[in-house]
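# Chains, contacts and geometry: an overview
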Amino acid sequence: MIRVALALAHREFIRFIRQPQRVVGTVAQPILFWLFLGSGFSSSFRAPGMEHISYLEYFYPGVMLMMMLFASIFSSITIIEDRDAGFLQSVLVAPVSRLSIVLGKVLGGTAIAMVQTLIFTIAAPFLGLSLGLGSLALLIGAYVLTSMGFAAMGFLFAWPMRSSSGFHAIMMVFLMPLWMLSGALFPIEKVPGWLHILMTINPVAHALVLMRMPFYMTAEQALSDQRYLTALAVTVLWTAVCLLGSMRRVEKRDRGLVQTSLTPH
Amino acid sequence: MIDIAHLTHVYPGTRKTPPRTAIDDLSLTIGDGEFCILSGPNGSGKSTLFRILCGMSLPSSGRISMGGFDLLKYPSKARAQMGVVFQSPAIDKHLSVAENLRLHAVLYGLRGGEYDHRLTEALAWTDLKDRLADKVDTLSGGLARQVELAKCLLTRPSILLLDEPTTGLDPSSRRNFIMALHKIQRERRMTVLMTSHIFSEAEDADRVAIMKGGRLLGLDSPQDLRAKLGREMVVIQSRHAESLEARIRSELGLKTRRYGDEVRLEETSNGDSLPVLEKLLARYRADIDSIAIKQPTLEDVFIHLTGQTAEQIEREQMEGAHP
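Everything numeric in this text was worked out from a predicted model, so none of it was measured.

### What to know about the sheet that holds strand 2 (residues 20-30) of chain B
Residues and elements named next belong to chain B. Strands sit in the order 2-1-5-6 across an open sheet of four strands; the sheet is antiparallel. Among the strands making up the open sheet, the edge pair consists of strand 2 and strand 6 (69-70). Bridge analysis of strand 1 (residues 2-11) against strand 5 (residues 61-66) gives five bridges, and the strand direction is antiparallel. The residue of strand 5 that forms the bridge with D3 is S65. Here helix 1 (residues 46-53) sits on the sheet and contacts strand 1, strand 2 and strand 5; the angle it forms with strand 1, its principal contact strand, is near 115 degrees.

### Let's talk about the side chain of S221 of chain B
Residue and element names in this part refer to chain B. Secondary-structure assignment places S221 in the loop between strand 11 (215-220) and helix 8 (222-228). Using a relative accessible area of 14% as the deciding quantity, one classes S221 as buried. Once you skip the residues sitting within four places of it in the chain, S221 turns out to touch D206 and R207.

### Some words on the nonpolar core
Grouped together as the largest cluster of nonpolar side chains are 118 residues, with contacts concentrated most on Y60 of chain A together with M66 and L161 of chain B. Examining the composition of this core, we find that 18 residues originate from one element, helix 3 (residues 55-85) of chain A, more than from any other. In contact with Y60 of chain A, other than residues within four places in its own chain, are W34, F120, T121, I122, A123, A124, L127, L129 and F215 of chain A. The next biggest cluster of nonpolar side chains, apart from the first, holds 44 residues, and it includes I37, A105, L139 and F177 of chain B.

### What about the UniProt feature "domain: ABC transmembrane type-2" (unreviewed entry) in chain A?
Sites flagged by UniProt as "domain: ABC transmembrane type-2" (unreviewed entry) map to residues 21-253 of chain A. Secondary structure over residues 21-253 of chain A splits into 76% helix and 0% strand, and the C-alpha atoms at its two ends are 35 Å apart.

### Remarks on the interface of chain A and chain B
With 29 residues of chain A in contact, the opposing surface of chain B contributes 38 residues. Each partner contributes to the roughly 3,200 Å² buried at the junction of chain A and chain B, and carbon and sulfur atoms together form 57% of this total. Considering only the side of chain A, the residues that lose the most area to chain B are R3, V93 and R253 of chain A, jointly responsible for 23% of the buried surface there. At the boundary of chain A and chain B, one finds four salt bridges. A salt bridge links D254 of chain A to R51 of chain B, with the nearest nitrogen and oxygen atoms 3.3 Å apart.

Cut-offs applied
- Residues numbered from 1 in each chain as written.
- Chains lettered and ligands numbered in written order.
- Predicted model: local features only at pLDDT ≥ 70, side-chain atom pairs only at ≥ 80, totals over all residues.
- Heavy atoms only, no water.
- Pairing = 2+ DSSP bridges.
- Helix = DSSP H or I, 4+ residues; strand = E, 2+ residues; numbered from the N terminus.
- Contact = heavy atoms within 4.5 Å.
- Axes fitted to C-alpha atoms, helices over the stretch in contact; angles between N-to-C directions.
- Buried < 20%, exposed > 50% of the residue type's maximum accessible area, 1.4 Å probe, protein only.
- Core = buried A, V, L, I, M, F, W, Y, C linked by side-chain atoms within 4.5 Å.
- UniProt positions renumbered as here; feature names shortened; annotations may be inferred.
- Buried area = accessible area lost by both parts, 1.4 Å probe.
- Salt bridge = Lys/Arg side-chain N within 4 Å of Asp/Glu carboxyl O.

Have a look at this one:
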C-alpha cells in the first residue's frame, strides 16, 4: 500500500517539477504576499502582548500556512484534471487499496508544500528568529502534519467535483477563510465578538500555533505547554478526519437503484 | 470467463427526471479465450455495462463473475486479473512512456526482474521501443494507444476489457491496433470484451453482441448473424419511400422494411434478387432514386436488429459515440 502511495506521490511531484510556471508561481506568490503585506502593515500593526514583533515577523508563520493551503489547492485541482483526462480511471480499476489512492495525492501535495516551506524557512534568521535543533524538528513535524491535513481537506472537497471552476468557488468561500481566520493575518485578541467565535472554532487556527510556537520556545518548553499540546491534538484530529473522509469518498461507487423500490414493469 | 447473470441497472432519478433503466435483466457469458464485440446504439446501456464490468459502478441487481471471482463481492481479486483500456486515454501525458509503464506496474505489484521481463514482453509487438523516454504527449494517437495496450499487457490479464479503443484513430492506425489486438489475444488466449461502433472491427470477432434499450438483441458469430438475414437483399432509395413501401407490399405482396427513405427487401433468397429488382424497376421507375442488390454486412444486421438507419449510426459515430 505504501509503495503504491509513494509511486503515485512521486508522479505528482514529477508533474509539479515539469511545470516550471507552477513552481515559480507557488514559491513566488506567498513570498510576494509576505513582503508586500508584511511591509505595508508594519507601521500600523501593534498586537497586544506582541508589541516587540514586526508585522513581517507576525505574518511569517501565516505565510507558511498559506503555502501549504495553496499547495493543497493546486494538488486538489489535479484530481479534477486526472478525472477529466482519464488517468484516474486506470488507478481506480487497479487492485489497490483506496487509502493508497488518497495517500498518493496527499503525500504528493505534502512533498510539494515541504519544498516551498523549507525554502521559506531560510528567511527566519533574517527576521532575527533563531531555531534550536529541537524546535526545528518540531517545526518540520508541523509542516508535514499540516500539509497533509490541508491536502486531505482539499481532496475531500475536490473528489466529487466535476469542474475546476466549481472547486474555485469552494476555495474562495471555504478554504481561504479558514486560513484568513486562523490568526495568520491578524491576532484573535482584538477582533469583534462574532469573528472571535469563528476564529475560536476554526480548526486550522491550531495548525498556526504549531507553526509559530517553535520560533519562540525550545522543544521542551513547547512539549510541556498546554496550548501546544492542544493544538497538536486538534490538528492531528482534523487531519485524520479528512483522510478517512477522503477514503470513504473514494470507496463509494455509484450504485444503481435497487429494484424493490420501483414499481414492477 | 466473464459471466453476467440477470444484470439490471437503474439510474436513480432526480427531482426532475424519473429513474431510468439502463440495463434490463441482461445475461451474457463470454467463454475463456473468446473475443467478443459489444455493439449497440447510443443509450443502449453498453457504457453502463462497461462501467459495471470494470468495477466502477454497482448494479441494481444481478451477478457478475470475472475469471471465477465475484466482481461485486471481491472487486480487488477480480480487478487483479483484468486489464482495462478506456476510450479516453488513461495514461499521464506529462510522463514518459517508461514512467507510465512503471507506475502501472507498481499499481499491480510488479517489481524487479519480473518487471523487466514483462516490459520486454509487453513491448514486443509495439513500435515504442525507441520512444520509451519520450513524453506521451509527443506521441501520435496510434502510438499512445499502443502505450495503453502495452500497459495493460504488463499485468498479464486473463480478461481484457476495451471501450471503443480505436476512437479518434485514423483508419490505418485503427487497423494496426485491431490486428495487433487479435494476434495478442490468440497468443495469450485472453478473454476479450470490446465495445465498438465500427462494424469492420467486428468481422474477426468470435461473437458479436448487439444491445439496445439495456437488452441483448443478438449474440452470435458474425457469420451466423449475417445468415439470420436473407442471403441477399434489395435496397431501394426513394424520396417517397413510405408510399412506395405500401405499394410494394400491397401490389406485389413482398415483405419490406423501411429505414428513413430506404426501403429494404431483406429476405430475398439467393438468385431471386435480380428478377425482383427488374420487376420493381419496371413498375416503380419514377419513384426509385437508386436500387441495388447487397450482401448483408454486420451493419445491416445491426440495422435490422436495432431499427436504426445508417445515417443515425453514422451520426453517432461522428459524435464520438458517447451516450
